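Commentary on secondary and tertiary structure
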Amino acid sequence: IKQKKRHMGDSKHFCPVSLKENFVLYPGLQEYAAKYKEKIYYFSTSEYRDKFLKNPEEYVAHNEPLQAPPLRVCLLGIHGAGKTTCARQIADKLGIFHIQFEEYLQELILPKTKRKVGPSFDEDHEDDNKIPEELEDFSQTMTKTEKEKSKQEVELTDEEKAIKANLMDNKELPPEVLDKIVPDWWKKEPFRSTGFILDGFPRTSDEARYLSEQGLCPDVAVYIQVEEGDILNRLLPLHLEKWKDRRRKKKEYKKKLKELKVKKRV
């Protein structure tokens, strides 16, 4: 039996409402289909189908074909897998933005913290190198005014505290914080019309669920799988160099402390 050919709508099997409002190609479902002007449209939810039927002319093509969104890629993998290196090369080759998620979080709180935070950065700012109070008068490292200014600048908002906790202790970012960060990459310029490769997000099942619930779908999700030995070979020399640098700084600190003690005695 010859079946009648289906005439699909302008957005084919993608939801036209998601395309119009979120600029995302979100696959529609047959159970949420509707017919308009002898063409069949598929929708991601029943709410979007009802919204389409109330004002279909808002979501269909008129003088020109509907514009497809740019490429959006999520690049995932464990620490040391080489995500950032790969992401930079892909972004450069495809002419899209590279967004390193953790680096972006660092930049949001950097004006107040004055330095990057997290386990790998805290090693470079150990309390062992603080000048003892009895010798502070002889130290030129920080004036009283600078100290007061520094104390004022580290007062973080609730959102900034959540970001810092995420970077320091890997605590989950609440949805209200994600709402102010993630949707802009899909909905605002220049990302909206150019596209991006998102390096290191989503990191958990809850973050992946957040993207789905918000209708923020990547076109491609790539997971880089690397052997443990390769990661050790890549990261160990870097950590060894940092350890040597900390040893050098400790020696300089001890020398400086000795000079300050001699100065105080004099």
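The name given to the protein chain in an unreviewed UniProt entry is KAD9 kinase, with the source organism recorded as Poecile atricapillus.

1. Some words on the packing of helix H4 (residues 101–113) against helix H7 (residues 158–169)
The N-to-C vectors of H4 and H7 enclose an angle of 130°; their axes lie 10 Å apart at closest approach. One element, H4, and the other, H7, form an angle in the oblique class. Remark: the crossing between H4 and H7 carries left-handed chirality. Where H4 approaches H7, its residues Glu102, Leu105, Gln106, Leu108, Ile109 and Lys112 are matched on the opposing element by Glu160, Ile163, Lys164, Asn166 and Leu167.

2. A few points about a nonpolar patch on the surface
A contiguous nonpolar surface patch, about 340 Å² in accessible area, is contributed by Leu71, Ile90, Leu94, Val220 and Val222. Mapped onto the nonpolar patch, the elements with two or more residues apiece are helix H3 (83–94) and strand E6 (220–223). Tracing the sequence through the fold places leucine 71 in the loop between helix H2 (46–54) and strand E3 (72–76).

3. Description of H3
One turn of the α-helix equals 3.6 residues, which is why residues spaced by three or four share an orientation. Between its first and last C-alpha, H3 extends 16 Å over 12 residues, near the 16 Å set by a 1.5 Å rise per residue. Every buried residue belonging to H3 is among Lys83, Ala87 and Ala91, and all of these are buried. One side of H3 holds all its buried residues, which, seen down the axis, span an arc of 55°. Turned more than 90 degrees away from the buried face of H3 sit Arg88, Gln89, Asp92 and Lys93, all of them exposed. For H3, the secondary structure elements touched by its buried residues are E3, strand E4 (97–100) and strand E5 (196–199). Within two residues after H3, glycine 95 carries a phi angle of roughly 70°, on the positive side.

4. Side note on the pattern of salt bridges
Applying the stated criterion across every chain, the model contains 14 salt bridges. Linking lysine 35 and glutamate 38 is a salt bridge whose minimum nitrogen-to-oxygen distance equals 3.8 Å. Note that arginine 209 and aspartate 206 form a salt bridge whose closest N and O atoms lie 2.6 Å from each other. Of this pair, arginine 209 and aspartate 206 both sit in helix H11 (residues 205–213), 3 residues apart, which is roughly one turn of the helix. Given a relative accessible area of 42%, arginine 209 falls into the partly exposed group.

5. Looking at the pairing of strand E1 (residues 29–36)
Looking down a regular strand, the side chains alternate between one sheet face and the other. Strand direction decides the pairing type here: E1 and strand E2 (residues 39–43), joined by 5 bridges, are antiparallel. What sits directly across from alanine 34, in E2, is tyrosine 41. From the end of E1 to the start of E2, which pair antiparallel, there are 2 residues, and lysine 37 there has a positive phi angle of about 55°.

Reading the values: rules and limits
Residues numbered from 1 in each chain as written. Predicted model: local features only at pLDDT ≥ 70, side-chain atom pairs only at ≥ 80, totals over all residues. Heavy atoms only, no water. Axes fitted to C-alpha atoms, helices over the stretch in contact; angles between N-to-C directions. Helix = DSSP H or I, 4+ residues; strand = E, 2+ residues; numbered from the N terminus. Parallel < 35°, antiparallel > 145°, perpendicular 65-115°, else oblique. Left-handed = near helix turned anticlockwise from the far one by under 90°. Contact = heavy atoms within 4.5 Å. Patch = residues over 30% accessible without salt bridge, like charges linked within 9 Å, V, L, I, M, F, W, Y side chains within 5 Å. Areas by Shrake-Rupley, 256 points an atom, 1.4 Å probe, with all protein chains shown as cover. Salt bridge = Lys/Arg side-chain N within 4 Å of Asp/Glu carboxyl O. Expected span 1.5 Å × (residues − 1). Buried < 20%, exposed > 50% of the residue type's maximum accessible area, 1.4 Å probe, protein only. Arc of directions from axis to C-beta. Pairing = 2+ DSSP bridges.

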